[in-house]
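A look at the structure
Below, each chain spelled out in residue letters.
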Amino acid sequence: MGLYPNIEPYDHGMLDVGDGNHVYWETCGNPHGKPALVLHGGPGSLASPGLRRFFDPAAYRIVLLDQRGAGRSTPSAADHATDMSVNTTAHLMADLERLRAHLGIERWLVWGVSWGSALGLRYAQTHPGVVTELVLTGVATGSNPEVALLTRGLGKIFPEAFERFLGELPADERDGNLAAACNRLLESPDPEVRERAARAWTDWETAIIPAPPGSVARFQDPVFRRGFARTVTHYWGNDHFLGEGNDEGVVLRDAHLLKGIPGTLVQGSLDLGNLLGIVWRLRHAWPDAELTVVDEAGHDAGTVGDDVLVAATDRYARAEA
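Structural notes, computed from the coordinates. This is a predicted model, so every value here is computed, not measured. (Residues numbered from 1 in each chain as written. Predicted model: local features only at pLDDT ≥ 70, side-chain atom pairs only at ≥ 80, totals over all residues. Heavy atoms only, no water.)

1. As for the sheet that holds strand S3 (residues 34–39)
Our working rule: At least two DSSP bridges between two strands are required for those strands to pair. Secondary structure is summarised from DSSP: a helix means a run of H or I of at least four residues, a strand means a run of E of at least two, and numbering begins at the N terminus for each. Lines fitted to C-alpha atoms define the axes here, with helix axes fitted over just the stretch in contact, and angles between the N-to-C directions of these axes take values from 0 to 180 degrees.
Ordered in space as S1-S2-S4-S3-S5-S6-S7-S8, the eight strands form an open sheet in which the pairing is mixed. Of all strands in the sheet, those with a lone pairing partner are strand S1 (11–18) and strand S8 (289–294), marking the two edges. Averaged over all pairs of adjacent strands, the angle between strand axes in this sheet comes to 20°, irrespective of strand direction.

Okay, here's the thing in structure tokens:
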């Protein structure tokens, strides 16, 4: 089956979402097609052109955005002067609603990868009636146990990389929330401290999440590296701003709120986030979802996963809005 050919946006802009922030958005495909919203990962990544290719451009009005502080949105999280207190999950969901209203869309399919899947799930739970379907891959829910696993927990599996990462953190903070400790360094007034912390974080992510060719190259860009590391650790160090109960998992707790929303979950069997069984627990708590596990695939489910994702959007294109 494969991905659809590369396409270019037919419209784009910068949306004023308040707090001095402007969010970059673009629309591709058929202006009269079924609306679909694409949520990138990170937090702190950006909407890459390849994400457009999971949709039939004749059937979909594809909406992509760079989330607050990321990519082409302004101000950038890479700028130390940018106020991160107004970059939370609640702010991001409010931005999605502003964008939906701006584009005159009543309801849309939501497609998310990694952090984008967590954001999409919480958006669907807290904005009933707005989401027609969910298509999610590299599934995450933003719970505190996931953060603990992807930092200290995987230290047992990648001991050499973990020792290097831990060595960059203050000795008296190595027993606590490691993302929060790294974030405090990334908020330092000293640019050299911030740069070392950004490199330490992205080196750790590179070690634990084998990625497709080209995606790690972005970490060589110091601007991207600073913004990405600052945003990820800001969220991971603050319970993903999901509120009380995230030690057990707010998104999993509220999975019953997804009732009636068809969903497709695509997960690599070797995605290390699976060690907590999150995606299986989500599937069992959400009967309207179907789960495909791709053998011998990691956080990126590869070409087999791509085929399943495209088959899902093709199928949902025929569903009533």
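2. Section: empty space enclosed by the protein
Filter applied, for reference: Cavities and pockets were defined on a 1 Å grid built from protein atoms only: a cavity is a group of points that admits a 1.4 Å probe but offers it no way out, a pocket is an open group of points flanked by protein on both sides within 12 Å along at least five of seven lines, and a lining residue is one with an atom within 4 Å of any such point. Grid points are joined across faces, edges and corners, and a volume is the space filled by probe spheres set on the points. Residue polarity is assigned by list, with Asp, Glu, Lys and Arg as charged and Ala, Val, Leu, Ile, Met, Phe, Trp, Tyr, Cys and Pro as nonpolar; anything else, Gly included, falls into the polar class.
Across all of its chains, the model carries one cavity of 30 Å³ or more by this definition. Around the largest cavity sit Pro43, Gly44, Gln67, Arg68, Ala70, Asn87, Leu92, Thr231 and Tyr235, which together line it. Along the lines of polarity and charge, the residues of the lining of the largest cavity split into four nonpolar, four polar and one charged.

3. Points about the packing of helix H5 (residues 178–186) against helix H6 (residues 191–208)
We apply this condition: Here, residues are in contact when the closest pair of their heavy atoms is within 4.5 Å.
The contact between H5 and H6 brings their axes to 7 Å, and the two run at 145°. Judged by residue contacts, Ala179, Cys182, Leu185 and Leu186 of H5 engage Val193, Arg194, Ala197, Ala198 and Trp201 from H6. Its residues placed into classes, the contact of H5 with H6 shows eight nonpolar, no polar and one charged.

4. Structural notes on the environment of His299
Formally: For every residue, the accessible area (1.4 Å probe, protein chains only) is compared with the maximum for its type, and the residue is labelled buried under 20%, exposed over 50%, or partly exposed between those bounds. In protein, a polar contact requires one atom able to donate a hydrogen and another able to accept it; more generally it is a pair of N or O atoms within 3.5 Å, and residues adjacent in sequence count only if both atoms are side-chain atoms.
Examined against the element boundaries, His299 turns out to sit in the loop between S8 and helix H10 (302–317). In this structure His299 comes out as partly exposed when scored by relative accessible area, which is 23%. Note: C-alpha distance between His299 and Asn274 (25 residues apart in sequence) is 9.3 Å. Here His299 is in contact with Ser114, Gly138, Ile209 and Asp271, once residues within four sequence places are set aside. Side chain to side chain, His299 and Ser114 meet in a polar contact 2.8 Å long. In this structure the side chain of His299 is engaged in a polar contact, spanning 2.8 Å, whose partner is the side chain of Asp271.

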